[in-house]
Amino acid sequence: MKRTYAVAGMMEWNVLIPAGRSTVRVHFSGGTVTGYGVSPATYTTENPAVMHLIEASFWYRSGKIKRLEQ
């Protein structure tokens with residue numbers, strides 16, 4: 001099962017998500033700002049461990065990272 005996450009207002013964003021004693025780097029990319037509108041930077045994964053880390057992170061809980069419905 002694939003999930004896509006988005007960060008509004010960003011063209012690219014590297015976030016370090018704590019995972020125990022380590023961190024996982026998640027790279028959001030592909031965001032655009034044009035005269036027609038804004039597309040958020042996105043990250044897509046099929047890895048359930050990465051999905052869990054993202055959804056348990058501060059940035060997801062605070063609303064900075066959102067899950068896109070597919």
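Only a predicted model underlies this, so the values are computations on that prediction, with no experimental measurement involved.

A. Highlighting the overall build of the chain. In terms of regular secondary structure, the chain is built from two helices and seven strands. In sequence order, the secondary structure elements of the chain are arranged as β-β-β-β-β-β-α-α-β. By the compact-globule yardstick of 11 Å for 70 residues, the chain fits well, its C-alpha radius of gyration being 12 Å. Burial status across the chain gives 27% buried among its 70 residues. Within the chain, counting contacts between residues at least 6 apart in sequence, those at least 24 apart form 55% of the total. Just so you have it, the chain exposes about 4800 Å², and 54% of that area is on carbon and sulfur atoms. Separation between the mean location of the 8 positive side-chain charges and that of the 4 negative ones in the chain comes to 8 Å.

B. Region of interest: the packing of aromatic side chains. Summed over all chains, the structure comprises five aromatic pairs. When the ring of W13 is compared with that of W59, the centres are 6.4 Å apart and the planes differ by 75 degrees; the resulting orientation is edge-to-face. Separated by 46 residues along the polypeptide, W13 in strand β2 (residues 13-19) and W59 in helix α2 (residues 58-61) bring together distant segments of the chain. For W59, a relative accessible area of 23% puts it in the partly exposed group. Chaining the aromatic ring pairs together yields one cluster made of W13, F28, Y43, F58 and W59.

C. Structural view of the pairing of strand β1 (residues 3-7). Within β1, five of the five residues are buried, leaving the element largely enclosed by the surrounding structure. Judged by which residues are buried, β1 turns out to be covered on both faces: R3, Y5 and V7 on one side and T4 and A6 on the other are all buried. Two elements, β1 and strand β6 (residues 41-45), share five bridges in a ladder whose sense is antiparallel. If you follow T4 over to β6, its bridge partner there is T44. The pairing of β1 with strand β7 (residues 65-68) spans four bridges and is classified as antiparallel. Bridge assignment links T4 to a residue of β7, and that residue is L68.

Cut-offs used in this document
Residues numbered from 1 in each chain as written. Predicted model: local features only at pLDDT ≥ 70, side-chain atom pairs only at ≥ 80, totals over all residues. Heavy atoms only, no water. Helix = DSSP H or I, 4+ residues; strand = E, 2+ residues; numbered from the N terminus. Rg over C-alpha atoms; globule rule 2.2 N^0.38 Å. Buried < 20%, exposed > 50% of the residue type's maximum accessible area, 1.4 Å probe, protein only. Contact = heavy atoms within 4.5 Å. Areas by Shrake-Rupley, 256 points an atom, 1.4 Å probe, with all protein chains shown as cover. Lys, Arg positive; Asp, Glu negative; His and termini not counted. Charge placed at Lys NZ, Arg CZ, Asp CG, Glu CD. Phe/Tyr/Trp six-rings, centres within 6.5 Å; stacked < 30°, edge-to-face > 60°. Pairing = 2+ DSSP bridges.

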